[in-house]
Structures are given as structure tokens and as C-alpha cells.
Amino acid sequence: MRDVVIAGIGQIPVGEHWDLSLRTMAARAMLAAIKDGGGMKPQAMYIGNFLSPVLSHQENLGALLTDNAGLTGIEAFTVEAAGASGGAALRVGVNAVASGFIDCALVLGVEKITDMVGSEVEAAVAQSSDYDYEAMTGLSSAGQAALLMQRYLYEYNPPREAFGEFALIAHANGANNPNAFFRKAISREAYASAGMVSDPVNMFDMGPYADGAAAVLLTARDTAPKDLPHPLVRVSGSSVVIDTLALHDRPNPLAFDAACQSVERACSQAGIMPGDVDLFEVCDAFSIYALLSLEAAGLARHGEGWKMAVNGELSINGKLPILTMGGCKARGNPLGAVGVYQAVEAVQQLRGQAGRNQVKDARRALIQSLGGPASTAAAHILERLD
Amino acid sequence: MEIPRHWRLKKQRYGLVGEVCPHCDAKIFPPRDVCPHCGGEAKTAFNFSGRGEVYSYTVMHDAPAGFDQNTPYAVALVKLEEGPVVTAQLTDLGEEQPRIGMPVEMVTRKIREDANERGMLIYGYKFRPVLR
């Protein structure tokens, strides 16, 4: 097993890219990551994508995206795990390089949402649930989150407005990220008056689905270019864990077991405890997911995760900053690309390139992306090498 | 159209037919190939009573395509009296607000019209407050 490092990163701003195709968005992120990594030529590319077969009528992305970017002839294919596709693709890339089969791998996350709109997108995203027994009842992904949030409110009785703190943190950080979809802080009043998506989930409890592409260039520690202007970041822990697909099949849906186990396994590989990280790029596709993930990781007791947000512990200067570049809520939620955006953003932090959102002395980061309500959870530990 | 898919699910949709595990007697809905409790093969049919209570619920305002003409509507996790939890719409609520713990019973209702020119109607289970 070889040490795997991230030598290069690339991303495009998340947003509504009416003028950019799936392939062009991907190429921009891919070429940026290769350039940032000193121009190493990848031998393989693993693509995190969730919905291109439905929203773009496009499969076989490995061929399309390498062909378009001038990389014909390499190994390339899609890794699909709904909202965890990017994290799962990173896992595949890490395995490939660690094993020695591949010396240099590009991991791409890409999602083209805005060629379709509204209820069509909701129906497509709902395919991450059990289609026969969940989606066919008219339940959406936001609806799944709402079932969890309603039960959480019932069991633990937190103040309803506490959920808004996650949106406030995300927007405060997104304001300083040039690649964020929403670059504006929001107020508690705005949160309180937001319209309902799926009661009790309101518009600010949910990250907006948007277009995006991000890429990281992986190589082994001993094959990395020696003259890069930035420090290398090592992937010291990597894990994908699944839970039941449907919420109704879980003995305790609020436990988020897969989220818990993926953090445990990644941390165990890195030889650390979850609390030993300097920042946590948590999945805030919905505010309740961020809350349950904090509790599942053991960073807060069950029923008390919201207190960390209310007490300021999760802000940039807090004890454990989360969503440091805006998360799904403010950076935007490009679904299958999220896990790779998280990796890019964590690398920015660990290199000291996060600008006004820089977490002081950040040396180690935890990132976690979720497919559905943690039906799949992908977690990675990233550490700066000096 | 997916006609075979809807046809294949008719016992579940119309009759809430699940399984009872021949090895550990666990009641299972929806049907599975392997019992989640003991790991044995599950294949013995079992008719659920259709009675249960609301474990959690949501009221859908932004709905997926195929359901967007019906908003707002309530979807719940219903804990059946035999143990399993099922996801289903709540119906016949009238002036009543859904609540956790509400006793409900299964009824057969139109789920949606399949989105195509043939206009196939899909029926299945929903749950209503228990009639007093």
C-alpha cells in the first residue's frame, strides 16, 4: 500500500451554467487540476456523477469526458452513489493509486442540473430512494429529510430556529468563496420567514441543486512532482459505508449508522479520533443531515448536535469549523460532484489558500458526502504534508 | 409505461402483502429476498392488517413530477402493528392535522396517473385516520 497524495485541484463556480455543457464544465475542472498538479498526465479518471443519464440523457461519461478533454486512451468510468458519488469516486481513485496499479489518477465530480427544472429535477433526485416503495408515494429527497427532521423535533424538542444556524454558517462562509453559488450572508429573520419545501424543511434547510464540476489529481507520495509551489495533501483515511436504502427499514433512522461507521473507519486508518480534525466538510444537503452527521460522528450527543451550531463552535473561528467554503447551502449542491468539491475545498484550507475563510493552522480535515439520507456515506481524512 | 413493474407490485400495492420469515418469524414489509433479522431466506407471504400509527410525517409543497398537481399532500412513515414501517401518503385527513402517534389504517387510493398519453392510473395503499 502506497501513501496517496492530492497533487492538484480544479473547480468551476457552482451555479446555473446555461451556457456551459456537461463536457465543457468537466473539461475546465479536469484541465485545471492537471495544471495545478504540475502537468502530470493521468492514467485513469474516475467520475462521480449521479444524474446525467436522466437529466442529460447521457451515459458512458468516461469516454465522453476523456475524449473531449484530449485524454483518449486512458481508463475512465463513472462511479454512482447518488449524492455520495463524488466521495465514492475519490475512494476508487485512492484504491487505484494505493494499490500500485495506477500512478496518477484524476477524480472528477460533475453534475449538470439546469437543463431541466423544478419537478423534473425533484423526480430525478428522488431516484436515490427506493423507487418502488418511497418515490412512488410522492416522497422527494427533501421529504425524506423532513421525515427525519419532524421525528428529531418530536424526540429531542430543540428550538425550531436552531436548524437555521447551519444555513447562517454556510452563507457566512459562502460569501467569501468566489466559487459559491450564493455569496451573501443571510439573517435569522430571513430563515424564519422562508417558504416551506416539505414541512418542516424550509427553503433554507436545503442546499439548492446546481451545476458544478471539480477535480483532484491523485498520485503516490513518491511519484509526485518535487517542484510544486504548494504542499502535498495526503489522503490518510478513506471509507465508503452503506445503510439500508429506505428510511423505513432502519431500526433508528436518526442514528445515521453509515455516517457514523464511515467516519470511524476513515479515522481508524488515519490513527486519529474524529475530534482531532481541524475542520469538517459535513454534508448539509439538508440542515438535518448536517446535524445528524455531527452526532453520528460522535462530535455531539444524540439530540444535542444543534447546540454546537448555536454556540458558535462550528463557525470559521470556532472549535470545529464546518462548511468552510459554503457547503451545499451556499456553495450549492451539485449532487454527484459534492464529494470532490469538499476535497478541493479541504485542500485549499490545508494549503493555506482559503482566503478570508482560512481556518488557522489547518493541518487535518474530515470530509463526508452522503447518498440519500446516509444510505451511502463516503468519508475521507486529508492531511497536509510538509 | 412500466406496466410489468406496476403489475408485479399488485399484491403489495392493493393488499399490503409482505412476508413472514420461516426461520425467525419476523414480519417483513416491503418483501425482501433475505430476512434482515436472521439472514435466512425470506419467501413466505404474510398479509398485514393495515393498522398502525404515524412514526413521522411531512407535508409536501414542492413535489416530484407526477405528483405536482396534488400539493400539498402528507407523506408518513407508518409503523404497522406487526412491526415494520412503511412509507405512504396520508389521506382523508379532513380538518385533522397529522401528528406523530396518530392511529391510521390502510385504504386503497389512486396514487398517480402515469405520465404518458395512455394515462394509466396507478392505485395503491394510503393511510387514513382510524374511523371511530
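Residues numbered from 1 in each chain as written. Chains lettered and ligands numbered in written order. Predicted model: local features only at pLDDT ≥ 70, side-chain atom pairs only at ≥ 80, totals over all residues. Heavy atoms only, no water.

In the annotation of an unreviewed UniProt entry, chain B is listed under the name Transcriptional regulator and assigned to Leptolinea tardivitalis.

Under the annotation held in an unreviewed UniProt entry, chain A carries the name Acetyl-CoA acetyltransferase and is attributed to Leptolinea tardivitalis.

(A) Quick peek at helix α7 (residues 164-174) of chain A. All names here are of chain A. Here α7 lies mainly inside the structure; 10 of its 11 residues are buried. Every buried residue belonging to α7 is among G164, E165, F166, A167, L168, I169, A170, H171, N173 and G174, and all of these are buried. Each element contacted by the buried residues of α7 is listed here: α8 (188-192), α10 (287-296), α11 (305-310) and α12 (327-330). (Buried < 20%, exposed > 50% of the residue type's maximum accessible area, 1.4 Å probe, protein only. Helix = DSSP H or I, 4+ residues; strand = E, 2+ residues; numbered from the N terminus. Contact = heavy atoms within 4.5 Å.)

(B) Up close: helix α13 (residues 338-351) of chain A. All names here are of chain A. Here α13 is 14 residues long and its end C-alpha atoms lie 20 Å apart, about the 20 Å a rise of 1.5 Å per residue gives. Burial analysis of α13 places 14 of its 14 residues in the buried class, which makes it a mostly covered element. Following α13 by one or two positions, G352 adopts a phi angle in the positive range, close to 80 degrees. (Expected span 1.5 Å × (residues − 1).)

(C) Quick peek at the environment of K79 of chain B. Residues and elements named next belong to chain B. Within the secondary structure, K79 sits in strand β5 (residues 73-80). Linking K79 and G101, residues 22 residues apart in sequence, is a C-alpha distance of 9.2 Å. Setting aside residues up to four positions removed in sequence, K79 forms contacts with R51, G52, E53, P84 and V85. Of note is the side chain of K79, whose polar atom sits 2.9 Å from the backbone oxygen of G83. (Polar contact = N/O pair within 3.5 Å; in protein donor to acceptor, adjacent residues only side chain to side chain.)

(D) Up close: the packing of aromatic side chains. Counted under the stated rule, the structure contains 11 aromatic pairs over all chains. The interplanar angle of 85 degrees and the centroid separation of 6.0 Å between the aromatic rings of Y152 of chain A and F163 of chain A together place this pair among those described as edge-to-face. Pair noted here: Y152 of chain A is in helix α6 (residues 141-156) and F163 of chain A is in the loop between α6 and α7, with a separation of 11 residues, a long-range link. Aromatic pair F181 of chain A and F182 of chain A: ring centres 4.4 Å apart, planes at 15 degrees, arrangement stacked. Ring-pair connections join several aromatic residues into one group, and the members of that group are Y133 of chain A together with F29, F46, F48 and Y125 of chain B. Of note, R151 of chain A hangs over the ring of Y55 of chain B, and the distance from its end group to the ring centre comes to 3.8 Å. The lysine or arginine in question, K27 of chain B, covers the ring of F46 of chain B, its NZ or CZ lying 5.5 Å from the ring centre. (Phe/Tyr/Trp six-rings, centres within 6.5 Å; stacked < 30°, edge-to-face > 60°. Lys NZ or Arg CZ within 6 Å of the ring centre and 35° of its normal.)

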